[in-house]
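Remarks on the overall topology
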There are 2 protein chains.
Amino acid sequence: MSGARPVAFYFEFSSPYGYIASQVADDLEQRIGRPLDWRPILLGPIFKVTGTGPLTQIPLKGDYSKRDFDRSARHLKVAYRHPDNFPIGTVAACRAFYWLKDRDAGAARKLAKALYTAYFVDNRDIGTPVTVLAVAKEAGFDAAALEAAIGELPVKERVKREVDAAIEAGVFGSPFFIVDGEPFWGVDRIPMLEQWMRSGGW
Amino acid sequence: MSGARPVAFYFEFSSPYGYIASQVADDLEQRIGRPLDWRPILLGPIFKVTGTGPLTQIPLKGDYSKRDFDRSARHLKVAYRHPDNFPIGTVAACRAFYWLKDRDAGAARKLAKALYTAYFVDNRDIGTPVTVLAVAKEAGFDAAALEAAIGELPVKERVKREVDAAIEAGVFGSPFFIVDGEPFWGVDRIPMLEQWMRSGGW
């Protein structure tokens, strides 16, 4: 699979549907036979472009979405507990991820899974750097190195560049996949993505 | 099936996903063994509540949605041609529908299908009363009676009440299904709706 062109997998650490996608991402990768390139983004700056806001704060849609997060997780047999503090800012999580990714993409993926589980299963507020570092340490990472890294200007700029590039690529939600230029938004678009790949585009 | 409690099927005549749902609605009805109660709504007043607007006018999301309309139709093997005039106001279509529905629900469903085909296959602008009436006439309805009806205050108020009731029920998009109080938004939620019904709720 290492020679195949990667499929971009964008997600926001505070996104329930992003979390659900992350839980089925490894199986998806196996089925499509191409690696997923995990790319956390920040929906805050993206919502400024689209003029929208967090789902749960939108009238009518908010109540629906809380019901649908839980239901979508059950539908795909994924554990889910809606966090008490929601949504959260996830810039520290993103910085830790990209700093690690530049050194070891597999390690960054492992950290992302640990952070998602901490937030959406164990109800830990990964919006705070201290929790990000604690989760990283429990997952076997060097918390001191990560703590130093997430305060560094190049790491901050790396995250900003990733978010700008995502907007440039048309990403406006989480999860968001791009396969050979074809965009798919939502965990509910995974079947369509697979059909599209099987048929070699339409 | 006539004795079974109906499943509410809300849709907006200007909505591509509503149209796609209408094309698979009869099959869905057969599979679930319960009648669908077709209920056109107007997204304009609903978007005022949610603070959003037509999909195609939202930055980033707009470009994506135009691609996704066509792709979603192909995914479900439904004919689709994006209308030149889009989106449109559909109050005349709604008034004609509800006036007919109060007399013959089957006839109203037939009119809805004819209107949707006119707009999303034949590129006819059903936003104008003259086209609504022409389509109705071609489908075998009494255009003169419909023309009189859509100008009547009770019919106008009937549509307004329907939209208010939909908002009250939490409807914020098209298509939107409500099964025994459980809401499902989007043509992509149909598989989940069916799983939910099969399992008797979760």
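Report on the accompanying structure. Everything numeric here is computed off the predicted structure, so don't read it as measured data.

With that settled, consider the sheet that holds strand 3 (residues 176-179) of chain A. Sheet strands line up and pair through hydrogen bonds in the backbone, either parallel or antiparallel. Residues and elements named next belong to chain A. Across the sheet, four strands lie side by side as 2-1-3-4; this open sheet has mixed pairing. Of all the strands in the sheet, the pair left with one neighbour each is strand 2 (36-40) and strand 4 (182-185). The mean angle between the axes of side-by-side strands here comes to 20 degrees, regardless of whether they run parallel or antiparallel. Against the sheet, helix 9 (residues 190-198) engages strand 1 (7-11), strand 3 and strand 4, with an angle of about 5 degrees to strand 3.

Residues and elements named next belong to chain B. This structure, assessed with the given rule, holds 40 salt bridges over all chains. Residue Arg5 is joined to Asp180 by a salt bridge in which the shortest nitrogen-to-oxygen separation is 3.4 Å. Residue Arg5 is located in the segment before strand 1 (7-11), and its partner Asp180 is located in the loop between strand 3 (176-179) and strand 4 (182-185); the two are separated by 175 residues in the primary sequence. For Asp180, a relative accessible area of 41% puts it in the partly exposed group. Between Lys101 and Asp37 there is a salt bridge; the shortest N-O distance is 2.7 Å. Taken together, the residues span a long stretch of sequence, with Lys101 in helix 4 (residues 91-101) and Asp37 in strand 2 (residues 36-40) at a distance of 64 residues.

The next subject is the interface of chain A and chain B. On the chain B side, the residues contacting the 30 residues of chain A number 30 residues. Surface buried jointly by chain A and chain B totals about 2,900 Å² across both partners, of which 60% is contributed by carbon and sulfur atoms. When the buried surface of chain A facing chain B is broken down by residue, Leu60, Tyr64 and Arg71 of chain A rank first, second and third, together holding 22% of it. For the pair chain A and chain B, the number of links is eight salt bridges. Here chain A and chain B share 14 residue pairs in polar contact (both at pLDDT 80 or more) between them. Breaking the side of chain A that touches chain B down by element, the ones donating at least two residues are helix 2 (43-50), helix 3 (61-75), strand 4 and helix 9 of chain A. The greatest single-element share of the side of chain A that touches chain B, amounting to eight residues, is contributed by helix 3 of chain A.

Our focus in this paragraph is the packing of helix 5 (residues 105-120) of chain B against helix 6 (residues 129-138) of chain B. All names here are of chain B. Between helix 5 and helix 6, the shortest axis-to-axis distance is 9 Å and the interhelical angle comes to 120 degrees. As judged from the angle between their axes, helix 5 and helix 6 are oblique. Pair helix 5 / helix 6 crosses with right-handed handedness. Facing Leu111, Ala114, Leu115 and Ala118 of helix 5, the residues of helix 6 in contact are Val132, Val135 and Ala136. Residues of the contact of helix 5 with helix 6, tallied by class, amount to seven nonpolar, no polar and no charged.

Below, the discussion takes up the packing of aromatic side chains. All names here are of chain A. Evaluated as defined, the whole model comprises 50 aromatic pairs over all chains. With centroids separated by 6.3 Å and ring planes inclined at 85 degrees, the aromatic side chains of Phe11 and Phe97 adopt a geometry described as edge-to-face. Of this pair, Phe11 sits in strand 1 while Phe97 is found in helix 4 (residues 91-101), placing the two residues 86 residues apart along the sequence. Just as Phe11 is buried, Phe97 falls in that class too. Between Tyr19 and Tyr80 the ring centres are 6.2 Å apart and the planes differ by 40 degrees, which places this aromatic pair in the tilted class. Taken together, the positions of Tyr19 in helix 1 (residues 16-32) and Tyr80 in the loop between helix 3 and helix 4 put the pair 61 residues apart, joining distant regions of the chain. Residue class for Tyr19 comes out buried when judged on its relative accessible area of 1%.

Below, the discussion takes up the sheet that holds strand 3 of chain B. Residues and elements named next belong to chain B. The strand order across the open sheet built from four strands is 2-1-3-4, with neighbouring strands paired in mixed fashion. Two strands lie at the open edges of the sheet, namely strand 2 and strand 4, each paired on one side alone. Neighbour-to-neighbour, the strand axes of the sheet open up by a mean angle of 20 degrees, direction not taken into account. Bridge count between strand 3 and strand 4: four bridges; the pairing is antiparallel. When the sheet's bridge partners are listed, Phe177 is paired in strand 4 with Phe184. Packed on one face of the sheet, helix 9 (residues 190-198) meets strand 1, strand 3 and strand 4 and runs near 5 degrees to strand 3.

About the cut-offs
Residues numbered from 1 in each chain as written. Chains lettered and ligands numbered in written order. Predicted model: local features only at pLDDT ≥ 70, side-chain atom pairs only at ≥ 80, totals over all residues. Heavy atoms only, no water. Pairing = 2+ DSSP bridges. Helix = DSSP H or I, 4+ residues; strand = E, 2+ residues; numbered from the N terminus. Axes fitted to C-alpha atoms, helices over the stretch in contact; angles between N-to-C directions. Contact = heavy atoms within 4.5 Å. Salt bridge = Lys/Arg side-chain N within 4 Å of Asp/Glu carboxyl O. Buried < 20%, exposed > 50% of the residue type's maximum accessible area, 1.4 Å probe, protein only. Buried area = accessible area lost by both parts, 1.4 Å probe. Polar contact = N/O pair within 3.5 Å; in protein donor to acceptor, adjacent residues only side chain to side chain. Parallel < 35°, antiparallel > 145°, perpendicular 65-115°, else oblique. Left-handed = near helix turned anticlockwise from the far one by under 90°. Nonpolar A, V, L, I, M, F, W, Y, C, P; charged D, E, K, R; others polar. Phe/Tyr/Trp six-rings, centres within 6.5 Å; stacked < 30°, edge-to-face > 60°.

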